[in-house]
Amino acid sequence: MNEYVGIDIGGTKIEAVLVDERNTVLNTCRIPARPGAQNVLDDVIGITRRLGGEPVAVGVGLPGQVDSVTGVVRDIVNLDIVKLELGREASKALGIPVQVENDVNAAALGAVALIDDQVSAGDTVVFLNFGTGLAAGVVRDGHVERGYSGSYGEIGHIPVDPNKFLCNCGQRGCLETVTSGGSVAKLWPGQPPLPDLIEKAKAGEPRAMEVYGIVQHGLADTIQVVGQAYDPKLIVLGGGMAKTGRPLLDMIVEEMRRREETSHFITSLHLPERLRLAPVEQPIGAIGAALAAPRD
Ligand SMILES: [Zn+2]
């Protein structure tokens, strides 16, 4: 059975898996991320060799502008990369094909693979990455949707929030100014922010209740945007914020139920029933990157 390597490159760590054709994880490896194009290239090559086995192809998921056709990655601010021909350079050094993929798209593929008992051929699944920012990975019939310009899942910069908080994209009121892990940390600098916010709001602390309401409203708007625009079978909650687990899901469902009370239309969409928490205890980014690796 063929073996594949999947590598998930984040701002602070690199996580890699060796899997077989059935996505069974045969080996894992995790190292700290080092900034700089040459370091990232060296680490991709090094971690692939450390995993051992006999991989026939490698998939790499990473943030920034990722061109999955040319293998070129650009503008990864956290890693101090302006431009890196990662696909070509890594493939040359390793002697096997190396496919690069946007990290949210890779995580979406990984999430779909890990909940595959609930997904059938032809289904659309939206993976929401509540990370530093907010973006969606959309998988239809096992393939990543890219759209015309590659910005298919960039829902985080849809300006809808009435608070009109300034977004670092230059607009005001973007969804991600209230619903990303980064924005929650800014609005509620607790440790960790979302669980602390939920706890204090439930205890009736006025400022916490106010922030809770803002975040909850934005989360429900996000679910409606993806539910109504993509009409997926499942909406998977992932990214750092999803580590909050059940309380995050409850927070969203509470607001969706409130909206259903006054809207037959919203009720008819059955959005709460479509929500799933990503299996965040598993390396879904790396497993998904392995699925993005070229296969025969
Ligand atoms: Zn924005």
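Computed from a prediction, not measured in an experiment: that's the story for all the values here.

Rules of the game
Residues numbered from 1 in each chain as written. Predicted model: local features only at pLDDT ≥ 70, side-chain atom pairs only at ≥ 80, totals over all residues. Heavy atoms only, no water. Donors = N, O, S within 2.8 Å, 3.2 Å for Na, K, Ca; no water. Tetrahedral: all angles 85-135°; square planar, octahedral: opposite > 155°, others 65-115°. Helix = DSSP H or I, 4+ residues; strand = E, 2+ residues; numbered from the N terminus. Buried < 20%, exposed > 50% of the residue type's maximum accessible area, 1.4 Å probe, protein only. Pairing = 2+ DSSP bridges. Axes fitted to C-alpha atoms, helices over the stretch in contact; angles between N-to-C directions. Contact = heavy atoms within 4.5 Å. Domains from an automatic or database assignment. Buried area = accessible area lost by both parts, 1.4 Å probe. Core = buried A, V, L, I, M, F, W, Y, C linked by side-chain atoms within 4.5 Å.

1. Re the coordination of the zinc ion
Tetrahedral coordination by four donors places them ideally at 109.5 degrees to one another around the metal; octahedral coordination by six donors ideally gives 90 or 180 degrees. Within the first shell, the zinc ion binds the protein through H157 (ND1), C167 (SG), C169 (SG) and C174 (SG), at distances of 2.0 to 2.3 Å. Note that the zinc ion binds 4 donor atoms; their angles at the metal cover 104 to 123°, and the shape is tetrahedral. Donor residues for the zinc ion sit on one chain with the sequence pattern H-x9-C-x1-C-x4-C. On the criterion of sequence distance, the pair formed by H157 in the loop between β11 (143-144) and α4 (176-179) and C169 in the loop between β11 and α4 is long-range, its members being 12 residues apart. A residue is classified by how much of its surface remains accessible, and C169, at 35% relative accessible area, is partly exposed.

2. Here's the deal with unusual backbone geometry
The omega angle of the peptide bond from Q191 to P192 is -15°, so this bond is cis rather than trans. Counting through the fold element by element, P192 comes out in the loop between α5 (181-187) and α6 (193-202). For K164, which is not glycine, the phi dihedral falls at a positive 55°. Inspection of the secondary structure puts K164 in the loop between β11 and α4. Classification of K164 as partly exposed rests on a relative accessible area of 42%. In this model, D231 sits at a positive phi of 45°, which is unusual for a non-glycine residue. Within the secondary structure, D231 is located in the loop between α7 (206-230) and β12 (234-238).

3. Details of the sheet that holds strand β3 (residues 25-32)
Strand order in the open sheet formed by 5 strands is β3-β2-β1-β4-β8, with mixed pairing between adjacent strands. Every other strand in the sheet has two partners, leaving β3 and β8 (98-102) as the edge strands with one partner each. Adjacent strand axes in the sheet meet at a mean angle of 15°, parallel and antiparallel pairs treated alike. Judged from the 7 bridges that link them, strand β2 (residues 13-20) and β3 form a sheet pairing that is antiparallel. Of the residues in β3, the one forming a bridge with K13 is P32. Strand contacts of helix α3 (residues 103-114): β1 (3-9), β4 (55-62) and β8, with the helix running at about 100° to β8, the strand carrying the most contacts. Where helix α11 (residues 284-292) meets the sheet, it contacts β1, β2, β3, β4 and β8, and its direction lies at approximately 130° from that of β1.

4. A few points about the domain arrangement of the chain
Taken as a whole, the chain is organised into domain 1 (3-107 + 282-292) and domain 2 (119-277). Between the C-alpha centres of domain 1 and domain 2 there is a distance of 27 Å. At the junction of the two partners, domain 1 supplies 6 residues and domain 2 supplies 7 residues. Interface area for domain 1 against domain 2, summed over the two sides, is near 560 Å², with a carbon-plus-sulfur share of 58%.

5. Comments concerning the nonpolar core
L128, L197, I223 and L237 are the most contacted members of the largest nonpolar core, which has 38 residues in total. At the level of secondary structure, the elements contributing two or more residues to this core comprise β9 (124-130), β10 (134-140), α5, α6, α7, β12, α8 (246-262) and α9 (264-269). Top contributing element to this core by residue count: α7, with 10 residues. Core analysis: the next-biggest nonpolar cluster, separate from the first, contains 29 residues, A16, V40, V60 and V100 among them.

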